[in-house]
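One-letter residues, chain by chain:
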Amino acid sequence: MSVVTDRGVTAASGFRASGITAGFKPSGKPDFALVVNDGPQTAVGAVFTTNRVAAAPVHWSRQVVADGTTRAVVLNSGGANACTGPQGFQTSHTTAELVGAALEIGAGDVVVCSTGLIGEQLPLGTVRGGIDPVVAALAEDDAAGLSAATAIMTTDTVPKQAAYVSPEGWSVGGMAKGAGMLAPGLATMLVVITTDAQMPSSVLQRCLEEACSRTFDRADSDGCMSTNDTVVLMGSGASGVAADEPEFLQALTAVCHSLATQLIHDAEGASHDVVITTYNAVSEDDAAEVSRSVARSNLFKTAIFGNDPNWGRVLSAVGTTQAVFDPDELDVTINGVTVCRDGMIGDSRDGVDLASTRQVEVLIDLKVGSHEATIWTNDLTHDYVEENSAYST
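Okay, so let's go over this structure. (Residues numbered from 1 in each chain as written. Predicted model: local features only at pLDDT ≥ 70, side-chain atom pairs only at ≥ 80, totals over all residues. Heavy atoms only, no water.)

For the rest of this paragraph, the subject is the pairing of strand β14 (residues 359–365). Along any regular strand, the residues point their side chains to alternate faces of the sheet. Pairing analysis gives 7 bridges linking strand β10 (residues 273–281) to β14, with the strands arranged parallel. Along β14, the bridge assignment pairs Thr-277 with Leu-363. Judged from the 4 bridges that link them, strand β11 (residues 331–334) and β14 form a sheet pairing that is antiparallel. For Thr-333, the partnering residue across the bridge sits in β14 and is Leu-363. (Pairing = 2+ DSSP bridges. Helix = DSSP H or I, 4+ residues; strand = E, 2+ residues; numbered from the N terminus.)

Okay, here's the thing in structure tokens:
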């Protein structure tokens, strides 16, 4: 299924978007975005962080999507509005009221998303000052979608977009931000996805949960779960075409997969993109647990940074899991070289080239079943430490 990355949330008809500089970031870079569903349908599905320390906009937005209807998503970068108490929640509520008034819709139809530094109040004056300009900038072309994707960036180095156009006449488009604190449930990110397929909210929710479970929930950069993660899927029905659910799920998953891998590729300081697939497991859950254990091993990730195919660090991580396997039957292959066979020394690790490629593929064969799962991660570098020891945006 062919996905393009030069189109985003405005790829689907019935949507307008914008991104402006409101002043949340001291740098003066764009930091305020809006995506509006002009209908005729206003269906929505959403998935939020499972972190028990959830940000104020997450608490607000969970209430907004509860009735299966949403008209707009407003997003700011430059401040997470997390761990800010009742005042922070009121700021999210007021933001929705201001956007609603400007669009002539109810505040209860406005999802609010924030990203940035935790533990500081979001300046309400900056919010107020940004409402009229961000509404005035709304447009339905690709440039407007890109402006929104750019405005939600924090430590991202590039905006992230993806879109799919069905031969049947409907589309799915999306944008994402995220470059650190990438871990399942969701990853550390804000994602807005749009579709003009005629789909009820119940189907959007079901498909989004399934797509996230196979994509965003398997993007694991550094094992750190954010307080603000939000994935919103809005449906306008503007194409007039009722999509076949299996085909829609496939398209949605493809868009989410593209966005998730873009997040990993742009992970803070990363020099390698690492794909870890465990196969021949007794269950998909076992396979995912094994792959995730390796993805979260700092020893393994620093070895990859050093261009060292240290398969011993792979096996030691696998051994910490509760998955079913025989330690004396494990195989590990790195970039096509089976460096471990039957839990012992395999082909020479000298044959593994990590220095001349950014892409690293790790295959782990458990030899006990027929299931598999893939986790996407990256190496752990000096730049990651430097970035996160001085994080302020």
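Moving on, we get to helix α1 (residues 56–65). Counting buried positions over the 10 residues of α1 gives 7, a clear majority of the element. Looking only at α1, the buried set comprises Ala-56, Pro-57, Val-58, Trp-60, Ser-61, Val-64 and Val-65. Of the surrounding elements, those touching the buried residues of α1 are β3 (43–48), α2 (85–103), β5 (110–115) and β9 (230–235). (Buried < 20%, exposed > 50% of the residue type's maximum accessible area, 1.4 Å probe, protein only. Contact = heavy atoms within 4.5 Å.)

Sheet architecture is open: 5 strands sit in the order β3-β9-β8-β7-β6, paired in mixed fashion. Two strands bound the open sheet, and with one partner strand each, they are β3 and β6 (160–165). In this sheet, adjacent strand axes meet at a mean angle of 10 degrees when their direction is disregarded. Examined bridge by bridge, β3 and β9 share 6 bridges and lie antiparallel to one another. Paired with Val-47 across the strands is Val-231, a residue of β9. Relative to the sheet, α1 contacts β3 and β9, its axis offset from that of β3 by approximately 145 degrees. (Axes fitted to C-alpha atoms, helices over the stretch in contact; angles between N-to-C directions.)

Attention shifts here to the pairing of β5. Buried residues dominate β5, accounting for 6 of its 6 residues. Covered by surrounding structure in β5 are Val-110, Val-112 and Ser-114 together with Val-111, Cys-113 and Thr-115, the residues of both alternating faces. Pairing of strand β4 (residues 72–77) with β5, which is carried by 6 bridges, proceeds in the parallel orientation. Bridge pairing in β5 places Leu-75 opposite Cys-113. With respect to chirality, the unit in which β4 leads through α2 into the neighbouring parallel β5 is right-handed. (Right-handed = clockwise from strand over helix to strand, strands pointing away.)

Below, the discussion takes up the environment of Ala-22. In this fold, Ala-22 is placed in the loop between β1 (15–20) and β2 (32–37). Residues Ala-22 and Leu-330, 308 residues apart in the sequence, show an inter-C-alpha distance of 54 Å. Dropping the residues within four chain positions of it, Ala-22 is found in contact with Asp-31, Phe-32, Thr-126 and Gly-130.

What follows covers the sheet that holds β14. Spatially, the 6 strands line up as an open sheet ordered β13-β12-β11-β14-β10-β15, and their pairing is mixed. Every other strand in the sheet has two partners, leaving β13 (344–345) and β15 (371–378) as the edge strands with one partner each. Of the pairings in the sheet, the one linking strand β12 (residues 337–341) to β13 comprises 2 bridges and is antiparallel in character. The residue of β13 that forms the bridge with Arg-341 is Met-344. Seen against the sheet, helix α7 (residues 284–295) touches β10, β14 and β15 and runs at an angle of roughly 25 degrees to β15.

Soluble globular proteins tend to pack their nonpolar side chains together in the buried interior. If you look at the biggest cluster of nonpolar residues, it comprises 47 residues, and the most contacted ones within it are Leu-34, Leu-75 and Met-175. In terms of nonpolar packing, the next biggest core, distinct from the first, is built from 33 residues, Ala-162, Tyr-164, Ala-176 and Ala-219 among them. (Core = buried A, V, L, I, M, F, W, Y, C linked by side-chain atoms within 4.5 Å.)

Residue placement: Gly-78 occurs in the loop between β4 and α2. Assessed through its relative accessible area of 25%, Gly-78 is described here as partly exposed. The sequence separation of Gly-78 and Gln-322 amounts to 244 residues, and the corresponding C-alpha distance is 40 Å. Among residues more than four places away in sequence, those in contact with Gly-78 are Phe-24, Lys-25, Thr-115, Gly-116 and Thr-154.

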